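# Tertiary structure, described
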Amino acid sequence: MSSINGIFLLSVLLIAAITDLVRRKIYDWLTLPALVLGVAINTIGAGWPGLGFGLLGLVVGGLLFLPFLLVEGMGAGDIKLMAVVGAFGGAGFVLQAWFYTAVAGGLWAVAALIIKGKLIATLKNLLLWIGSMLGSKRKPAPFSEQDALPYAAFIFLGTLAALFLPPVFVI
Amino acid sequence: MLQKMRKMFKNEKGQGLVEYILIIAIVAVLAIVVLKGFGKQIQGWFGNTQDKLNNAIENPD
């Protein structure tokens, strides 16, 4: 990714992480202009192929967390923010960023649950949930918003890692 | 339906439920393990298929 793309993207993600930490929101006034800006910068830099690159990244980024929005496990702010990462960095980059984001969020979630003494109970409930998806009749307890995490912070960290760490896979 | 979707996308929430965050992490790690472990094998399959196709084109029966 070019350094100008990287600087813009990290600035947007940092603001989103802060608003998410403080107000539990990722505002549309941030994400929607950033989507346009990401695609525009790529288009200015590389013409029509740049437009395709940015739009494809936007769509791939938006699709990554879409299933979790549909089951109301994530906020739409997170989905739009991941689409921003794609609009700036393209499809290949957003996949790398998604992987690092997922791992960072997962590690934090495990640590937070250990501290709260809820890890085993949560994992058991998760297994019940997977079982119920596969047709088991035992129902899991409803997932509570009490343990929700500000995911924008992890999208910021994951993107930072994707920028500076070696790629996890080559596409 | 369309209205429900619009409403869904209008929300600006940035919170992930911890259970889903764990699922995403598990999916990501599994995807990488599969890619790293079977990537070459899958590439091999495609390679074989391609060879066979090329052969078939070059030497039609």
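Here is a short report on the structure shown in this document.

Cut-offs applied
Residues numbered from 1 in each chain as written. Chains lettered and ligands numbered in written order. Predicted model: local features only at pLDDT ≥ 70, side-chain atom pairs only at ≥ 80, totals over all residues. Heavy atoms only, no water. Helix = DSSP H or I, 4+ residues; strand = E, 2+ residues; numbered from the N terminus. Rg over C-alpha atoms; globule rule 2.2 N^0.38 Å. Buried < 20%, exposed > 50% of the residue type's maximum accessible area, 1.4 Å probe, protein only. Areas by Shrake-Rupley, 256 points an atom, 1.4 Å probe, with all protein chains shown as cover. Lys, Arg positive; Asp, Glu negative; His and termini not counted. Charge placed at Lys NZ, Arg CZ, Asp CG, Glu CD. Salt bridge = Lys/Arg side-chain N within 4 Å of Asp/Glu carboxyl O. Contact = heavy atoms within 4.5 Å. Buried area = accessible area lost by both parts, 1.4 Å probe. Polar contact = N/O pair within 3.5 Å; in protein donor to acceptor, adjacent residues only side chain to side chain. Nonpolar A, V, L, I, M, F, W, Y, C, P; charged D, E, K, R; others polar. Axes fitted to C-alpha atoms, helices over the stretch in contact; angles between N-to-C directions. Parallel < 35°, antiparallel > 145°, perpendicular 65-115°, else oblique. Left-handed = near helix turned anticlockwise from the far one by under 90°. Core = buried A, V, L, I, M, F, W, Y, C linked by side-chain atoms within 4.5 Å.

## Details of the overall build of chain B
In terms of regular secondary structure, chain B is built from two helices and one strand. Helices and strands appear in chain B in the N-to-C order α-β-α. The C-alpha atoms of chain B give 22 Å as radius of gyration, which overshoots the globular expectation for 61 residues (10 Å, by more than 25%). Structurally, chain B occupies a C-alpha span of about 60 × 30 × 15 Å along its principal axes. When burial is assessed residue by residue, chain B has 26% of its 61 residues classed as buried. For chain B, the exposed area adds up to about 4,800 Å²; of that, 64% sits on carbon and sulfur atoms. Averaged over its 8 positive side-chain charges, chain B has a centre that lies 19 Å from the centre of its 5 negative ones.

## Some points on unusual backbone geometry
The backbone of A:Arg24 sits at a positive phi, close to 60°, despite the residue not being glycine. Secondary-structure assignment places A:Arg24 in the loop between α1 (3-23) and α2 (28-64).

## Concerning the pattern of salt bridges
All names here are of chain A. The full count for this structure, using the stated rule, is one salt bridge over all chains. Measuring nitrogen to oxygen at the nearest pair gives 2.6 Å for the salt bridge that ties Asp 28 to Lys 80. Here Lys 80 lies in helix α4 (residues 76-116) and Asp 28 lies in helix α2, a separation of 52 residues in the sequence. The exposure class assigned to Lys 80 is buried, which follows from its relative accessible area of 8%.

## Some words on the interface of chain B and chain A
If you look at the interface, chain B gives 24 residues, while chain A gives 47 residues. Regarding the contact of chain B and chain A, the summed buried area is about 3,200 Å², with carbon and sulfur atoms giving 70% of it. A per-residue breakdown of the area chain B buries against chain A is headed by B:Glu12, B:Gln15 and B:Tyr20, which together make up 23% of the total. The interface formed by chain B and chain A holds zero salt bridges in total. Inspection of the chain B/chain A interface yields eight residue pairs in polar contact (both at pLDDT 80 or more). Looking at the side of chain B that touches chain A, the element that brings in the most residues is helix α2 (residues 18-58) of chain B, giving 14 residues. Of the residues contributing to the side of chain B that touches chain A, the split by class is 15 nonpolar, four polar and five charged.

## Observations concerning the packing of α1(A) against α4(A)
Residue and element names in this part refer to chain A. Running from amino to carboxyl end, α1 crosses α4 at an angle of 165°, the nearest separation of the two axes being 11 Å. The angle between α1 and α4 places the two elements in the roughly antiparallel class. Once α1 is placed against α4, the crossing between them reads as left-handed. Between α1, through Asn 5, Phe 8, Leu 9, Val 12, Leu 13, Ala 16 and Asp 20, and α4, the contact on the second element is made entirely by Asp 78, Leu 81, Val 84, Val 85, Phe 88 and Phe 93. A class-by-class count of the residues in the contact of α1 with α4 yields ten nonpolar, one polar and two charged.

## Focus: the nonpolar core
Counting residues in each nonpolar core, the largest one holds 61 residues, and the members touching the most others are A:Phe65, A:Leu81, A:Val85, A:Trp98, A:Phe99, A:Tyr151 and B:Ile24. Of all the secondary-structure elements, those providing two or more residues to this core are α1, α2, α3 (66-70), α4, α5 (119-133) and α6 (151-164) of chain A together with α2 of chain B. The biggest single contributor to this core is α4(A), with 18 residues. Excluding its chain neighbours within four sequence positions, the residues that come into contact with B:Ile24 are A:Phe65, A:Phe68, A:Met74, A:Trp98, A:Ala102 and A:Tyr151.

Just geometry here; none of it tells us what the structure is for.
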